[in-house]
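# Structure assessment
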Amino acid sequence: MAEQLARPGASAGADRTGGGPAEADYRPAETPRQTTPQPVHIVESEKVKRAKVRRRSLIRGIVSVVVVLAVWEAAVRIFQPSTVIIVAPSAIPSAFWTLAKSGELWHHFSVSMRQFLLGYLVAAAIAIPLGLWMGASRRAHDYGDPWLTALYATPSVALAPLFVIWLGFGDPAHVAIIALVAFFPVIINTIDGVHAVERDLREVGIAFRANKREVFGRIDLPGAMPYIFTGLRLALARALVGIVVADLFGAQAGLGYLILTSSQLFQTANVFVGVLILAALGVGLTFALRVLQKYLTPWQVEVKGQT
Amino acid sequence: MATNSTEHQTQTTSSGGVVVRELSKHYATPKGETLTVLDRVSLDVRPGEFVSIVGPSGCGKTTLLRILQGLEEHDGGEVLVDGQAPGKVATGFVFQKASLFPWRTVQRNVAFGLDLSVLKDTPNRPPGKDGSKERVAQLLQLTNLTEFADYYPSQISGGMQQRVNLARALAIQPSVLLMDEPFSALDAQTREKLQRDLQKVVSEIGTTTIFITHDIREAIFQADRVFVMASNPGRFVKVYEVDEKHPRGAEFQQSDRIAELSREIWGLLHAPKPEVPVAL
């Protein structure tokens, strides 16, 4: 067959995935592409090249981290600043260990995680259906858009004191603040996602005489999925900020509270422990979301979205 | 104004035929003027017939197809697809863009129409899940896609995507197949191959087909009759019969008969316009 060559677009798609399921489809040994040796060869060598590039990127990343930490460590040892201002990176693990052993760290962590998960899930549970509705229905969009635009332009943090007034100093206010900041990236990307579903695809549905429900469920929804995931990923980062912000407005425990009180007590090492845990959470959860995305939208991995 | 449209008054209005009588379509231009895209166009396609329509760009061929498909309203005249109003009958269509669903694999794309509730209780839907599966498998076989059943559209070539598109259109066993420059985005070699593939598929299934293109040779190669359109306003100017058995192969594709006929049609399409504009 003449057209068995993979299109350039297809291999670019595989590139974006950075390995994993999509790329597995190019394994020549298992695909019918084996019958045309030349393209297989090209695909294979490209794959090797990409793996090399990836490995090089990884090495550079590690070098960067190690160098910065080494410089930091060396600077602290040479200049010996007060531990109130900054501590050496080597002091952080011991601070972590002390906090962890006492059970204090786990307490802060679990309180924050509970608030985070609740807030994030509430945001997703409201933003995704609402966004799908606003994306698919002109009328819903017209009614909802002024609110969305106005609230999105308002720094959500400014609304945090209101939640404290309404809901008190406990968990509900924290959850509400986290949900609020996570809400906007999800809903905006979901709406965009529905809008981005090509008109052609919707017309295919109409021409096949699919009813409205089918056009929505079989075309709009799967078409918007990559965007929804982008929104969820952006929301993740904002929700982590939300954890800290919520703790600023009164808390008895939580990672933000740990950072805040430690800094007030000049326990700078403990501040770094809190910050690093938040950073690790961000990386870990983003990775988890990517895995989920690869599983749920195997045809495509990501699209760029707005915050 | 009298048009040159050639009317073929065949007596058939039975299943699978298309009847278009005195069809007109107007658009409002941004300036507020009325643009006549189709001016009292008539066309009669017999069941099982393959009709090609050629014409310059902007002559309204695509508009005609969209009306037949029920995607656009018409302003005057009568249109019957398989004896019913457009949009009421299962029509298959293949456009220039394959427009496959990127989230569905090749075989799930082909099965798309079969999943829809509109086919329920019609003879177009095969009985049960097994029936659907079998039909999809048959179409994949017919379009040489069996090996690629589990690929996503982004992983296959443009020519293959267009074959998936064709299989998807045929899966609902449409009474009429509408094709709008399906191969024009492909390279010449792939295009010629797909033209032969289409011959094979359509002659096996025997679906009434209306095929729009601006490739004259392609139009002749496929069709029982070639309708030539002119623009401003869109109308038919001549009809050519192509007397050759289906399925037609590479030999006919390269034959002198096609070359001759195509020269003639080319001449017709490129004839100088009347110097005095025809009054509307």
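Structure: above.
Described below are features of the structure shown in this document. From a predicted model like this one, the values you see are computed outputs, not experimental measurements. (Residues numbered from 1 in each chain as written. Chains lettered and ligands numbered in written order. Predicted model: local features only at pLDDT ≥ 70, side-chain atom pairs only at ≥ 80, totals over all residues.)

## Considering the overall build of chain A
Scanning chain A from N- to C-terminus turns up 12 helices and zero strands. Beginning at the N terminus, the succession of helices and strands in chain A can be written as α-α-α-α-α-α-α-α-α-α-α-α. Per-residue burial over chain A gives 31% buried out of 307 residues. For chain A, restricting intrachain contacts to residue pairs at least 6 apart in sequence, the fraction spanning at least 24 positions comes to 72%. (Helix = DSSP H or I, 4+ residues; strand = E, 2+ residues; numbered from the N terminus. Buried ≥ 20, exposed ≤ 12 C-beta atoms within 10 Å, placed from the backbone. Contact = placed C-beta atoms within 7 Å.)

## Overview of the sheet that holds strand E1 (residues 18–28) of chain B
Residue and element names in this part refer to chain B. Pairing within the open sheet is antiparallel, and its three strands lie in the order E2-E1-E4. The two strands at the open ends of the sheet, each matched to only one other strand, are strand E2 (34–45) and strand E4 (76–81). Neighbour-to-neighbour, the strand axes of this sheet turn through a mean angle of 25°, independent of strand direction. Bridging between E1 and E2 involves eight bridges; their strand directions are antiparallel. Bridged to His 26 within E2 is Thr 36. The sheet contacts of helix H1 (residues 61–69) involve E1, E2 and E4, and relative to E2 the element is tilted by about 65°. (Pairing = 2+ DSSP bridges. Axes fitted to C-alpha atoms, helices over the stretch in contact; angles between N-to-C directions.)

## Some words on helix H11 (residues 255–264) of chain A
Since the α-helix advances by 3.6 residues per turn, residues separated by three or four positions end up pointing in the same direction. Residues and elements named next belong to chain A. Of the positions making up H11, those classed as buried are Leu 255, Gly 256, Tyr 257, Leu 258 and Ile 259. Looking at the packing, one finds that the buried side of H11 touches helix H5 (104–136), helix H10 (212–248) and helix H12 (268–296). Count one or two residues on from H11 and you reach Phe 266, which has phi positive near 60°.

## Observations concerning the nonpolar core
One finds Ile 178, Ala 182, Val 186 and Ala 239 of chain A together with Ile 210 of chain B to be the most contacted residues of the largest nonpolar core, which totals 126 residues. Tallying contributions element by element places helix H8 (residues 171–196) of chain A first for this core, with 16 residues. For Ile 178 of chain A, the contacting residues outside a window of four places in its chain are Gln 115, Phe 116, Gly 119, Tyr 120, Ala 239, Gly 242, Ile 243 and Ala 246 of chain A. The next biggest cluster of nonpolar side chains, apart from the first, holds six residues, and it includes Ala 95, Leu 99, Ala 269 and Val 273 of chain A. (Core = buried A, V, L, I, M, F, W, Y, C linked by C-beta atoms within 7 Å.)

## Re helix H6 (residues 138–153) of chain A
All names here are of chain A. An ideal rise of 1.5 Å per residue puts 22 Å on 16 residues; H6 measures up with 22 Å between its terminal C-alpha atoms. Of all the bends in H6, the largest measures some 45° and sits at Gly 144, one to four residues before the proline Pro 146. Counting buried positions over the 16 residues of H6 gives zero, only a small fraction of the element. (Expected span 1.5 Å × (residues − 1). Bend = angle between axes of the 7 residues up to and from the residue.)

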